[in-house]
Amino acid sequence: MYVVTGLARQYKAYLIVIGGHRLGGRLAAMLHLMPDKPDLSVAFAGLKLQTPLVLLSGCVGFGEEYTRVEGFSNRDIGAVILKGTTLKPRLGNAPHRIYETPSGMLNAIGLQNPGARHVIEHILPHLPHDETQFWANANGSTLEEYAEVARLFDDSPVTAIEINISCPNVKEGGVHFGNDPVMAAKVVEAMRPMTKKPLITKLSPNNADIAETARCVIEAGSDALSVINTLVGMAVDIESRRPVIGNISGGLSGPAIKPVALWKLHQTRTIAAKHDIPILGQGGITNARDAIEFAITGADAIGLGTGLFYDPLLPRKVLDRLAEYLTAHNISNYTNLIGTLEIQA
Amino acid sequence: MHESFRNMIFEEQAEVIANIHYPGDQFILRLKAPKTAQHAKPGQFIHIRVSPDRSLRRPISIMLTHPGKGTVDLLVKVVGDGTRELRDRAVGEILPLLGPIGRPFDLSDTARRYVMIGGGVGIPPMIFAADALNGQADTAVFAGSEVEFPFALKPSQFLLPGIGGNTILGIASLEERGIPSRLASNAELYGCYEGYVPDLARDYLMALGEAERSRCILLACGPHPMLHAVARLGRELNLSTQLSLEEYMACGIGGCAGCVVKTLEEDGEHYRRVCVDGPVFSADILPGFA
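Below: a short report on this structure. (Residues numbered from 1 in each chain as written. Chains lettered and ligands numbered in written order. Predicted model: local features only at pLDDT ≥ 70, side-chain atom pairs only at ≥ 80, totals over all residues. Heavy atoms only, no water.)

1. Describing the overall build of chain B
Each helix and strand in chain B was counted, giving seven helices and 18 strands. The C-alpha atoms of chain B give 18 Å as radius of gyration, which agrees with the globular expectation for 290 residues (19 Å, within 12%). For chain B, the spread of C-alpha atoms along the three principal axes comes to 50 × 45 × 35 Å. When burial is assessed residue by residue, chain B has 58% of its 290 residues classed as buried. When contacts within chain B are restricted to residue pairs at least 6 apart in sequence, those whose partners lie at least 24 apart make up 64%. For chain B, the computed accessible surface area is about 11,800 Å², with 50% contributed by carbon and sulfur atoms. In chain B, 28 positive and 34 negative side-chain charges are present, and the distance between their average locations comes to 4 Å. (Helix = DSSP H or I, 4+ residues; strand = E, 2+ residues; numbered from the N terminus. Rg over C-alpha atoms; globule rule 2.2 N^0.38 Å. Buried < 20%, exposed > 50% of the residue type's maximum accessible area, 1.4 Å probe, protein only. Contact = heavy atoms within 4.5 Å. Areas by Shrake-Rupley, 256 points an atom, 1.4 Å probe, with all protein chains shown as cover. Lys, Arg positive; Asp, Glu negative; His and termini not counted. Charge placed at Lys NZ, Arg CZ, Asp CG, Glu CD.)

2. A few points about the overall build of chain A
Helix and strand counts for chain A come out as eleven helices and 16 strands. When each of the 345 residues of chain A is scored for burial, the buried share is 59%. The contacts of chain A with a sequence gap of at least 6 include a subset with a gap of at least 24, amounting to 73%.

3. Focus: the sheet that holds strand E14 (residues 216-221) of chain B
Residues and elements named next belong to chain B. Strand order in this open sheet of seven strands is E13-E12-E9-E8-E14-E15-E18, and the pairing throughout is mixed. Looking at which strands have only one partner, the edges of the open sheet turn out to be strand E13 (193-194) and strand E18 (280-282). Of the pairings in the sheet, the one linking E14 to strand E15 (residues 240-244) comprises five bridges and is parallel in character. Considered in E15, the bridge of Ile217 is made with Ser240. On top of the sheet, helix H5 (residues 197-207) reaches strand E8 (113-119), strand E9 (138-144), strand E12 (181-185), E13 and E14; it is set at about 150° to E9, its chief contact. (Pairing = 2+ DSSP bridges. Axes fitted to C-alpha atoms, helices over the stretch in contact; angles between N-to-C directions.)

4. Considering the packing of helix H3 (residues 116-123) of chain A against helix H4 (residues 143-154) of chain A
Residue and element names in this part refer to chain A. In contact at an axis separation of 9 Å, H3 and H4 are set at 10° when each is read in the N-to-C sense. Compared by their axis directions, H3 and H4 come out roughly parallel. Of the residues in H4, those in contact with Ala116, Arg117, Val119 and Ile120 of H3 are Glu148, Leu152 and Phe153. When grouped by side-chain class, the residues that make up the contact of H3 with H4 number five nonpolar, no polar and two charged. (Parallel < 35°, antiparallel > 145°, perpendicular 65-115°, else oblique. Nonpolar A, V, L, I, M, F, W, Y, C, P; charged D, E, K, R; others polar.)

5. Re the pairing of strand E6 (residues 104-107) of chain A
Residue and element names in this part refer to chain A. The alternating pattern of E6 places Gly104 and Leu106 and Met105 and Asn107 on opposite faces, both of which are buried. Taken together, strand E5 (residues 98-101) and the strand that follows it, E6, pair antiparallel across an intervening segment of two residues, in which Ser103 is found at a positive phi of about 55°. Sheet topology note: the E6/strand E14 (residues 249-253) ladder contains three bridges and is antiparallel. Bridge pairing in E14 places Leu106 opposite Leu252.

6. Concerning the environment of B:Leu218
With respect to the helices and strands, B:Leu218 occurs in strand E14. Beyond its immediate sequence surroundings of up to four residues, B:Leu218 is in contact with B:Val115, B:Leu205, B:Val230, B:Leu233, B:Gly234, B:Leu239, B:Ser240, B:Thr241 and B:Gln242.

7. Some points on the interface of chain B and chain A
In this complex, chain B contributes 36 residues to the contact, which on the side of chain A involves 38 residues. Across the contact surface, chain B and chain A share six salt bridges. For the salt bridge of B:Arg6 with A:Glu131, the shortest nitrogen-to-oxygen distance reads 2.9 Å. Joining chain B to chain A, the criterion identifies 22 residue pairs in polar contact (both at pLDDT 80 or more). Of all elements in the fold, only strand E1 (10-22), strand E16 (260-265) and strand E17 (268-273) of chain B reach the threshold of two or more residues within the side of chain B that touches chain A. With four residues, the single largest contributor to the side of chain B that touches chain A is E17(B). Of the residues assigned to the side of chain B that touches chain A, the class counts are 18 nonpolar, seven polar and eleven charged. (Salt bridge = Lys/Arg side-chain N within 4 Å of Asp/Glu carboxyl O. Polar contact = N/O pair within 3.5 Å; in protein donor to acceptor, adjacent residues only side chain to side chain.)

Below is the structure:
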C-alpha cells in the first residue's frame, strides 16, 4: 500500500511539474492517482469537526429531524446547532411564520422552544452524540437569563454554545443586544464564567459596524463567531393589505443574502484572525461553489440553513464537490483553503 | 431510539408522466416516484420543487398511488406563482420531491363508518382514503367544488339517506369500486347539491339513525371555512373528527417549525408542526377550528 501510495505521489508530482500546478492536479485527479482523499476535518474553537459543515440553528429542529430523509447522515456533519433555547418555554409567533421571497424566504418563528431544562433532560440524552456533535443555541431577554441558560448547558453533552444576540423575531432581548456592541459584549461577559464550553457569538448583519461588534465580543471572551444571522425584512399581502408574516417583520435568508454574508464575513475576518478566532460562515449557501466562496473568504466552518430546504441531501453533495475541488487544486486539507482570498493591492 | 423514525421520507427525482389540465386552473399530475408510491398513506403529502429558482418547495396532498407502476397522482389548483409553474411542467421533465410526509388519517377502526368531506384540492386525500379502505369499512364521500370537478362523474348507483333527488352525481372511479359519493357546488353544476359540502354531509348524517350516526368518523380536507364547518358539525353531533390542514411550509420535515397550527392539549397550548405532527389533526385539539 505504501509503495502504491508513494508511486501515486510521484506521478502526481510529475504531472504537476509537466502540466503546471492546476492542470497537473486535475490530471492526477482524473487518473485517480491522488493517493489520499483530502482531509475535510477542521479544528474549531478547540473542537475537532469531522467535516466543516454545520447545520444551523432554527433549520434543523432539536437535532434529529433530517435523519427522517433517506440518504442523510449525521456523519457528514461537523455539528448540528439545536433550535434557539430560552430558560423558560416559549410558544413562538402566530402563523404565518414563513413566506417565499425572490431567491430566499422570510421567517419569524419567535424562538418556539420547550425551555433549557426540558431540552437538557428530555432531548439531549436521546441524541446520537457518537454520530456528530450537537451545539446549543442560547437566547435570553435579560443578561441573567443568558447566563442561566449557559450554566444549564454547561452540564450537558453539547460541545459548544452559540449565543444568539441577533434573533430579529422576538420583541425583547435577541437583536436588541446584537445591535449594540457594548450590550453584545455584556451578554458574552455574563455567560463566560458560567461555562467552559466554547462560546460562539452569532452576529447580526443589521447593525452598522459588524467588525466592531466582533471585536467587542471577542474581547469579552467569545471563542468563535457565527456570521451572519438573517436580515430583517417584510412582505405585504396586497389583497388584505396586511403583512404576510404574523410578526410583521421576519428574517430574510437564502441566496438573496449571500453577497451580504460574504462581505460581512470579509469585514469580520481581519479582527477574528488577529485574535485567532474561528468563524462559522453562513448566509445563502445552496451548493458547493457557495461553500467554497465562504471558505476562501475566511469561514473555518460552513453553515447550511435555508439551503437544506432546497435540498435536505445538500451536505453530502457539498462534501463530494468540495473534496473534488480540493483535489483538483492540489490542496490536501480543508484547513489550507480557509482565508486564502487574494486581494490585489 | 430513533431508528424507527429514520429514513421514512424519500428524495426522488420524479418524472412527469402526465399533466392533464381541467377548467378552473386545475390540473392532475402523474409523477414517477416509486418509493413514495410504495409507502404513502392517505392524508400524507409530497413536498415538491416546482422549479430550480424557487426557494421553497410546495406541499401537495397525494390523491392516489399506483405502487405497481411506481406513480403518484396529485390534483393541484393554481393559487400563486409556484403552482402556476408546476402547471406548466411538461411530460418528461424531472421534479425533485420529498415524500411521503406527515401523519396520515387514522383509518384503523373498520367497525366505524367513515364520512369523508373534501373541498376543492382537499378532495384528493378523501379519494386516497376511500381507495385505501377498499370496502373494509363503510364509507361515504362528499366532495365540494366551485369550479367544474376534474374527475369523470356518473350517476351514483347507491342510495344515501337524506340526499335529495337532484343530487345524483358521484365520482366515477369511486362508484366503480363500490364507494358511494355525492357532490356539492354553488356553481349550479348539474347533478350536484346546491350549497356547501358540509351541509350536504350534514343532511346525510342527520338522516342516519342515532345508533348508525354515532358510529361515524368525520374526515375532512379543504379550505378553512369548510374545515370550520366540519369541526362544528363534529362537535354538534359528538363525532370523532380528523382534519387535514395546510400552511405555508419551508423544510417539510420538521426542522424549521414554520408551518404551525395552535393546539390546546392536556398540558396547555402548543404550536404543532403541520408537516410532521400533522397534516392530519384531531379537531378536538384545534381551538382555531370551531
